[in-house]
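# Survey of secondary and tertiary structure
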Amino acid sequence: MKDFAYVRPKNLVEALSFLHEYGHDTKIIAGGTDVVVDLRAGVIKPEYLLDVSRLAELKGIQLRSDGLWVGAGVTLSEIFSSEVLECHAPALKKCAATFASKQIRNVATIGGNVAHCSPCADTIPPLVIHDADVVLASINGIRQLPLEHVVSGPYTCALPDQEIIMGFILKPAAVTHADFQKIGRRKALATARISMSYMARKDFRGKISFFRFSLGACTPTPRQWPMVEELLAGKVPTENLIWKAARLLSEKMIEITGRRSSTVYKEPAIQGLFVKMLYPMV
Amino acid sequence: MDQHRVTITFTLNGKSVTMDVPGAMNALTLIRERLKLKGTKEGCGIGECGACTILVEGRAVNACLMLAAQLDGRDVQTVEGLAHEEGLSLLQESFVKHHAVQCGFCTPGLLMSAKALLAENPCPDKAAIAQAISGNICRCTGYQQIFDSIRHATGAPTGEEKT
Ligand SMILES: Cc1cc2nc3c(=O)[nH]c(=O)nc-3n(C[C@H](O)[C@H](O)[C@H](O)COP(=O)(O)OP(=O)(O)OC[C@H]3O[C@@H](n4cnc5c(N)ncnc54)[C@H](O)[C@@H]3O)c2cc1C
Ligand code: FES
Ligand code: FES
């Protein structure tokens, strides 16, 4: 590892002033589960490492007037044990259950997961279905952007180096069904990896009155799937209907990515995972 | 002051320690090379095997992914802190009794993951144990003996198998 200076600011203002001056030569570190791996591999060679893991301004999960606040410094373990998320964003909570290992969940943060911009970041599909906004802070103030604008491409994050992600604002949702599913190991099978998340409400007639879905890892950036959502909205979920939606989803995915060698595997895998995930609604 | 060095103070197995560390040193190197506590192992160095598991504020973490500087102000426990003057802890005794140790390379990490689990949940079922140790790889035992050791470690009723 190259030598670098370790800096731990006492509060957000101190952190932002540091970035204002040295942002260009600085790497932010939170849980370090991506950063330390990258430092060791020599992929990044910063002059300064700015530790944001203890900033109180980046903590907390709360229902506020503008939505459901999840601080960037919240760990995956905190997400997993949050009762507020159980009620208002159950799919996000669910993704923490299968995230890496206990040791990693105890330090890895949601802010780090999003900022690393890996196409297979597990928190992204749940954030997409909740129309999450990213709250960014710099010395010039605070701004709020849709998640899709920040995660702009695989491993490219549209974040200037003077900015810190403070947290996320989700649209809370009261739903009857929600889930997160994934296939494949992160490193060994990165190209074959698929993740997806949904939430839905069935009304008293058994019809789907609300449905949101997002696919992770398969397309270069996160996106919404309005055609799949439209196909299911207002209908009674049957096995047939779910298969039809699954076929539509894989067709649309191939339209985006083109046919590749991995498509032979991905097409049935996406369909199968989608049907498995939605089956509890039938 | 040399910007590349940081002075840190933390509690290690109950005793306060203060030292100067390079910013780029990870917690595992600090523990093994500077403090000469060789119980904590390096398997992969990238968060995948759990051989380097230590407890920070009671929570299991990979020492290979944490910077030494991040230990500042924290309560840190390594496998060396488990035994008392009178002998091994109940958990360690249970590992011995149930033959959960073969080559032993994974054992310190597993003991620390198990300790964190038992502090949270003194009577874990098989699923809870699996959740807690899924980040610890053992190439020797096939895990069954490890499950048994953890399940019987607190002296909770042993006869019935809760799976
Ligand atoms: C063995 C292993 C298994 C893993 N398994 C999974 C998995 O199952 N699913 C998954 O999605 N990921 C997985 N990961 C990847 C990693 O754990 C996650 O991406 C994690 O959420 C990163 O968070 P962190 O706090 O550790 O980030 P760090 O490593 O500290 O930082 C990651 C990136 O985010 C930036 N950053 C951090 N916080 C902020 C902030 N507040 N503002 C701006 N930028 C910031 C950093 O500069 C860096 O670029 C795994 C990693 C390992 C080593
Ligand atoms: S050495 Fe730390 S997880 Fe393998
Ligand atoms: S006893 Fe050898 S790796 Fe577990």
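Residues numbered from 1 in each chain as written. Chains lettered and ligands numbered in written order. Predicted model: local features only at pLDDT ≥ 70, side-chain atom pairs only at ≥ 80, totals over all residues. Heavy atoms only, no water.

On to the sheet that holds strand β3 (residues 53-56) of chain B. Residue and element names in this part refer to chain B. Across the sheet, five strands lie side by side as β2-β1-β5-β3-β4; this open sheet has mixed pairing. A single partner strand is all that each edge strand has here, and the edge strands are β2 (15-22) and β4 (59-62). Mean inter-strand twist for the sheet, computed between neighbouring axes without regard to direction, equals 40 degrees. Pairing analysis gives eight bridges linking strand β1 (residues 5-12) to β2, with the strands arranged antiparallel. Directly across from L12, in β2, lies its bridge partner K15. The strands touched by helix α1 (residues 27-34) within the sheet are β1, β2 and β3, with β2 carrying the most contacts at an inclination of about 110 degrees. Along the sheet, helix α3 (residues 107-120) makes contact with β3, β4 and β5 (75-77), crossing β3 at roughly 35 degrees. (Pairing = 2+ DSSP bridges. Helix = DSSP H or I, 4+ residues; strand = E, 2+ residues; numbered from the N terminus. Axes fitted to C-alpha atoms, helices over the stretch in contact; angles between N-to-C directions. Contact = heavy atoms within 4.5 Å.)

Moving on, we come to the packing of aromatic side chains. All names here are of chain A. On inspection of all chains with the given rule, the structure shows five aromatic pairs over all chains. Ring plane angle 85 degrees and centroid distance 5.3 Å describe the contact between F18 and Y48, whose orientation is recorded as edge-to-face. One end of the pair, F18, is in helix α1 (residues 12-22); the other, Y48, is in strand β3 (residues 48-51), with 30 residues separating them in the sequence. By the burial criterion, F18 is buried, and Y48 matches it. (Phe/Tyr/Trp six-rings, centres within 6.5 Å; stacked < 30°, edge-to-face > 60°. Buried < 20%, exposed > 50% of the residue type's maximum accessible area, 1.4 Å probe, protein only.)

Residues and elements named next belong to chain B. On domain assignment, one finds that chain B holds domain 1 (5-81) and domain 2 (90-154). One C-alpha centre belongs to domain 1, the other to domain 2; they are set 21 Å apart. Between domain 1 and domain 2, the residue contacts involve 16 residues of the former and twelve residues of the latter. Taken together, the two surfaces of domain 1 and domain 2 that pack against each other cover about 1,100 Å², and 67% of this comes from carbon and sulfur. (Domains from an automatic or database assignment. Buried area = accessible area lost by both parts, 1.4 Å probe.)

Residue and element names in this part refer to chain B. With their axes 9 Å apart at the nearest point, α3 and helix α4 (residues 126-133) run at an angle of 130 degrees to one another. The orientation of α3 relative to α4 falls into the category oblique. For α3 against α4, the interelement crossing comes out right-handed. Side by side, α3 and α4 meet where L110, S113 and L117 of the first sit next to A128, I129, A132 and I133 of the second. Residue composition of the contact of α3 with α4, grouped by class: six nonpolar, one polar and no charged. (Parallel < 35°, antiparallel > 145°, perpendicular 65-115°, else oblique. Left-handed = near helix turned anticlockwise from the far one by under 90°. Nonpolar A, V, L, I, M, F, W, Y, C, P; charged D, E, K, R; others polar.)

On the side of chain B, 33 residues touch chain A, which itself brings 32 residues to the contact. Carbon and sulfur atoms make up 49% of the surface buried where chain A meets chain B, a total of about 2,500 Å² over both sides. Area buried by chain A at its contact with chain B is led by A:Y6, A:R54 and A:Q103, which between them contribute 26% of it. Our enumeration of links across chain A and chain B arrives at three salt bridges. When the shortest N-O distance is used, the salt bridge between B:D72 and A:R8 registers 2.8 Å. Contributing elements (two or more residues each) for the side of chain A that touches chain B: β1 (5-7), α2 (35-41), β3 and α6 (102-105) of chain A. Sorting elements by how many residues they give to the side of chain A that touches chain B places α6(A) first, with four residues. Split into classes, the residues belonging to the side of chain A that touches chain B amount to 14 nonpolar, seven polar and eleven charged. (Salt bridge = Lys/Arg side-chain N within 4 Å of Asp/Glu carboxyl O.)

What follows concerns the packing of helix α2 (residues 90-97) of chain B against α3(B). Residues and elements named next belong to chain B. At a minimum axis distance of 10 Å, the contact between α2 and α3 shows a crossing angle of 125 degrees. The angle between α2 and α3 places the two elements in the oblique class. As for the relative orientation of α2 and α3, their crossing is right-handed in sense. Residues L91, Q92 and F95 of α2 touch α3, and the partners they reach there are T107, L110, L111, A114, K115 and L118. For the contact of α2 with α3, a count of residues per class yields six nonpolar, two polar and one charged.

Inspection of the secondary structure puts A:T263 in helix α12 (residues 263-278). Apart from residues no more than four positions distant in its own chain, A:T263 is found in contact with A:I254, A:G258 and A:P268.

What follows is about the site of ligand 1. By nearness alone, 30 residues border ligand 1, and A:I28, A:A30, A:T33, A:D34 and A:T109 come closest of all. Neighbouring residues of ligand 1 are not confined to one chain but are distributed across chains A and B. A:V35 is positioned such that a nitrogen or oxygen atom in its backbone is 2.8 Å from an oxygen atom of ligand 1. A distance of 3.0 Å separates an oxygen atom of ligand 1 from a polar backbone atom of A:A100. Considering ligand 1 on its own, with 980 Å² of exposed area, one finds that the protein chains cover 93% of that surface. Mapped by element, the contributors of at least two residues to the shell around ligand 1 are β2 (26-29), α7 (110-116) and β10 (164-170) of chain A. In terms of residue count, α7(A) provides more of the shell around ligand 1 than any other element does, four residues in total. Residue composition of the shell around ligand 1, grouped by class: 16 nonpolar, eight polar and six charged. (Near = heavy atom within 4 Å. Polar contact = N/O pair within 3.5 Å; in protein donor to acceptor, adjacent residues only side chain to side chain. Areas by Shrake-Rupley, 256 points an atom, 1.4 Å probe, with all protein chains shown as cover.)

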